[in-house]
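# Chain and residue survey
Here's the letter readout for the chains.
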Amino acid sequence: MAATLHVTVMNTFKATVEGRPAGLEGVQIVKATAYLALNAGRVVTQRKLLSVLWDGDPPDTAARQVGNILSSIRKTLRDAGFDGMVNRNRATLLTDVDTDAALFDRTLASARSARADGRTEQALADIDAALALVPPEPYPDLDGDVFDREATRLLRQAARAELERVELLAELEEWTATVAAGQAQLPAHPYSDILARALMTAHHHLGEPAEASRVYTEFRERLADRSGLDPAEETSALHTAILRDRLPRRTTRRAEAAVPRELPAAPHPFVGREKETAAIVEALEGTGGHLRVATVHGPGGMGKSALALAAGHRLADRFPDGQVYLNLHGHTPGHAPLTPTEALRRMLRSLGVDPGGTETEDETAARLRTVLGDRRVLLILDNTRDTAQVRPLLPGSAGAAAVITSRRPLALAGASTSIALGPLRDGDARDLVTHGLPATASDGSAADAIVASCEGMPLALTIAAARCRTRPDLSMAAFARRLSNERNRLSQLQIDDLAVRACLSTGYDDLRERGGDHALAARTFARLGSHPGADFDTRLLALLAESDYTTAERVAEILVEFQLVVPLDDGRFRMLDLIRLYAAETAGEGAETRRRLFAYYFAQLKLFTDPEVGTAMPPLAVPEEPYTPPDDLPARDGSAWRSWIRAEADNIERVALAVSEDEAGYDELFLEYSRTAYMALLRALADVNDTMALVRLGMESAERLPTSRQKYAATMMAAVAHTERAEFDRAEAFLASAAAMADELGDRRYRADCRVRLASVRYRRGDLETARRLADEAGAVAREEGHPRIRYLAGLYGSRISERLGETERAVREARRLVSFADGFDAELYRNDALDNLAFRLVRSGRAEEALEVFTDRQERLRESGDEATVNYAEVLWGTGEAYYATGNRGAARSHWNRAAEILFHRGHLTSEEREEVRAAVGRPPTPTAIALSS
């Protein structure tokens, strides 16, 4: 079981892991840890941390300092046995964390839930436990606006809880304690009718009517001095009853016949959503003069209704005049949405009023507002279709409050809080799917697999739990295997009247029936079901919508609004897998759409690559693909191209594999696609691990083609890939096959290509003399034939071989000549590679300062082009570390090596043990294989 980090923030800061001090020290480290802990389970961006740590005025070096602070926190926590901190892409996520602030919120929520259930003694105990956590001056070790606001919120909550405590004491008829607690709260709540009534009632039952009358008189005078108002009618009536000694038996609810109690049963089990529930309760339980409305929106099946009901039951005792529940059927399969008039008439009947039969919608809405008046009624307006349906149903005064659920965000001005509901966290999802199962039937790994297949969707998890619970013969492992089959997943996720497919269909039907851009968005959504990837951008939407870019942007807005796609931070979008599977079912043109996707990606890849210099294989003639981009597509520079390639890497591969399964007889096309995609991904990612599926596709396609040139192209691609993966036996086998094909074709350039690639393998295996001979032979042919790429590679390996042979001065001269040669032809890839090579040769020949200049410039260029997560960036960082180490700056060296190791670990080139070995090294750490092979 994962260790939990416990953080005390409201009192003196303390962080422990399983009871042991975590060792976090330093003002900024403490502030960063506290803020991350207060936002546990939520992604915190670097920009937000900058604002928190420097109160909105960060220094120029703040970004670097934040990186160092986060690295220090992560290392310290890991050393303490905690591994719940993730830091990537300038954002941080902390999980498995508990704080005293969260404990306060949970305990207070538990008290209110107990009170709503009639468990008054438990409610009082929970209130006391919550208040015991609150110090007189919260957050003493944390300065800044963010923590000041948290302290203010906490004290406000505590003050409200103190008032509730007085009410609970009165409900328990502990009159002496009520008087003592009430008098203590008078300075904080001098104008509270609730407090005045509690004190008056307590004095009355203690036989002190004069004291009760004094409480009333002083309260009335305070109100008059402040605002000229009289006490509430209920307070005045209580005073009159005490004066006449006719105080009735205490009751907190009206007769059931007169007050609607329409809330369906509270959802059970109800897991997670603590913060969301607390936010609704906090927004609606106040007594201010504003209209109190909480909206909850999110995709179908996310548990919006359950959240609304859970919050409603916690709030019920705050609304003694009743609770009205209304399903507006905005997205109920087989049920038309209620019109506003139908909904209004239904609500009036719930409140005991005959709605009549001739009023207009406006008149009926006005009557509802009149009936509600200042009555304290809670409205749960569930399953709303849109703003137009629900706006006439809202009360016009502050006495009533409403919780509204919908799939789309609602444009309701003045809503107290708006909650976007997403999937459950994994731990909560696991609790939901295993609820009610005997311990012998629960299977941890199978539960995790079910949670992954259901993507945290509460409806899907509830169905899965019911399937496993009602079918003793169906084990969790067996059901998890059923869900692993994507084609069968939606069919498995249904039981009785619950079905994920039916839930999703109502949203799609709503979109399709609206016409115009909405109908176009529906068609685009269906085609997205044929996209095999997980995410996409607006350019691809323009392709599938067969529209211009501007229209595609509108389509994206609609799909986001209807909760069918999720916007990502980088301008891309993704679809939950369950929604994608439903979209695939609605698409009637899957193979055709995938062919269009293939053409689109092929055209983009061709634009990115340089066929004359950027490919290691001979060109192959293939028909031009029928993709014509819209006229208004935004232009892309080199950096934007590389960012696009990196973002689309998975899609580029998946589309090719999907189309190859659909189609036969296009092997030449698949080979050319695989070669083009291979080079594009290698350039953008500098990581061959992401290209192997394309290599295999190219090889399989070439096997079915008739010519040796085609087979040679695929074989060389495989040889290069296996060389970069350090699979040298396989690389040499492919090179031997390629050499035989080159001999058969009688092509000197092909032979030279094989030699220079074999030189690379021999160099990496340590056979330096053979490697030098092969590189020299290849270089000579390249000069005679005028082939710059092979000549470049021969020079590259020549300089590396010279260094390995101890000829460092020769290595530097050759590296400088290589830079000059690369400058002679227009290929940024080779210029950058030549500079990296020169910097490594410089540092290893004792010219560390000059190497630092080159490495620093390369780092800056890679950052500007957005290449900070690539293996190439890790190589440059590692080389920079070598240069700093050589100059005696061990701290800077260690920082750069650790950053390089982190990138290599996330790219799959280092194991966690190897990464720790780099971090733990006292002196110079061992050079990772990925760096050693390329430097």
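To be clear, the structure that these remarks concern was listed above.
What counts as what
- Residues numbered from 1 in each chain as written.
- Predicted model: local features only at pLDDT ≥ 70, side-chain atom pairs only at ≥ 80, totals over all residues.
- Heavy atoms only, no water.
- Helix = DSSP H or I, 4+ residues; strand = E, 2+ residues; numbered from the N terminus.
- Buried < 20%, exposed > 50% of the residue type's maximum accessible area, 1.4 Å probe, protein only.
- Areas by Shrake-Rupley, 256 points an atom, 1.4 Å probe, with all protein chains shown as cover.
- Lys, Arg positive; Asp, Glu negative; His and termini not counted.
- Charge placed at Lys NZ, Arg CZ, Asp CG, Glu CD.
- Pairing = 2+ DSSP bridges.
- Contact = heavy atoms within 4.5 Å.
- Salt bridge = Lys/Arg side-chain N within 4 Å of Asp/Glu carboxyl O.
- Disulfide = S-S within 2.5 Å.
- Axes fitted to C-alpha atoms, helices over the stretch in contact; angles between N-to-C directions.
- Parallel < 35°, antiparallel > 145°, perpendicular 65-115°, else oblique.
- Left-handed = near helix turned anticlockwise from the far one by under 90°.
- Nonpolar A, V, L, I, M, F, W, Y, C, P; charged D, E, K, R; others polar.

### A short note on the overall build of the chain
Scanning the chain from terminus to terminus reveals 41 helices and 17 strands. For the chain, the spread of C-alpha atoms along the principal axes amounts to about 120 × 65 × 55 Å. Evaluated residue by residue, the chain yields a buried proportion of 53% over its 935 residues. Carbon together with sulfur atoms contributes 48% to the accessible area of the chain, which is approximately 40,800 Å² in total. A gap of 2 Å separates the mean positions of the 118 positive and 139 negative side-chain charges of the chain.

### A closer look at the pairing of strand S12 (residues 417–420)
In regular strands, side chains alternate between the two faces of the sheet. Here S12 shows a clear split, with Thr417 and Ile419 buried on one side and none of Ser418 and Ala420 buried on the other. By the bridge criterion, 4 bridges tie strand S8 (residues 292–297) to S12 in an arrangement that is parallel. The residue bridging Ala294 from the neighbouring strand is Thr417, located in S12.

### Thoughts on the environment of Leu172
Tracing the backbone through its elements, the reader meets Leu172 in the loop between helix H6 (145–171) and helix H7 (175–185). Note on Leu172: relative accessible area 23%, which makes it partly exposed. Along the primary structure Leu172 and Glu121 are separated by 51 residues, whereas in three dimensions their C-alpha atoms are 7.5 Å apart. In this structure Leu172 touches Thr120, Glu121 and Leu124, once residues within four positions along its chain are discounted.

### Brief notes about the environment of Val324
If you trace the backbone, Val324 turns up in strand S9 (residues 323–327). We classify Val324 as buried; its relative accessible area is 2%. Spatially, the C-alpha atom of Val324 lies 34 Å from that of Leu186, the residues being 138 residues apart in sequence. If near-sequence neighbours (up to four positions away) are discounted, Val324 is found in contact with Pro260, Glu262, Met347, Ser350, Leu351, Val377, Leu378, Leu379 and Ile380.

### A short note on the pattern of salt bridges
The tally for this structure, following the rule as stated, stands at 63 salt bridges. One salt bridge in this structure joins Lys75 and Asp79, with 3.0 Å as the shortest N-O distance. Taken as a pair, Lys75 and Asp79 lie in helix H3 (residues 62–79) at a separation of 4 residues, close to a single helical turn. The partly exposed category is assigned to Lys75, whose relative accessible area is 43%. The exposure class of Asp79 is exposed, given its relative accessible area of 56%. Between Asp577 and Arg580 there is a salt bridge, and its shortest N-O distance comes to 3.4 Å. In this pair, Asp577 and Arg580 are both assigned in helix H25 (residues 577–586), 3 residues apart and thus about one turn of the helix distant.

### Quick notes on the state of the cysteines
A complete count under the given rule lists 0 disulfides for this structure. Cysteine Cys454 is unpaired, with the sulfur of Cys468 as its nearest cysteine sulfur at 9.4 Å.

### Looking at the sheet that holds strand S15 (residues 535–536)
Read across the sheet, 3 strands follow the order S15-S17-S16 without closing on themselves; strand pairing throughout is antiparallel. Of all strands in the sheet, those with a lone pairing partner are S15 and strand S16 (566–567), marking the two edges. Relative to strand S17 (residues 573–574), S15 runs antiparallel, the two being bridged by 2 bridges. Residue pairing in the sheet places Phe536 in a bridge with Phe573 of S17.

### Describing the packing of helix H1 (residues 27–38) against H6
Remark: H1 packs on H6, axes separated minimally by 11 Å, with the N-to-C direction vectors making an angle of 50°. In this view, H1 runs oblique relative to H6, as classed from their interaxial angle. Between H1 and H6 the crossing geometry is left-handed. Contacts between H1 and H6 involve Lys31, Ala34, Tyr35 and Leu38 from the former and Val146, Phe147 and Glu150 from the latter. Looking at the contact of H1 with H6 residue by residue, the classes come out as 5 nonpolar, no polar and 2 charged.

The values are spatial; any link to function lies outside them.
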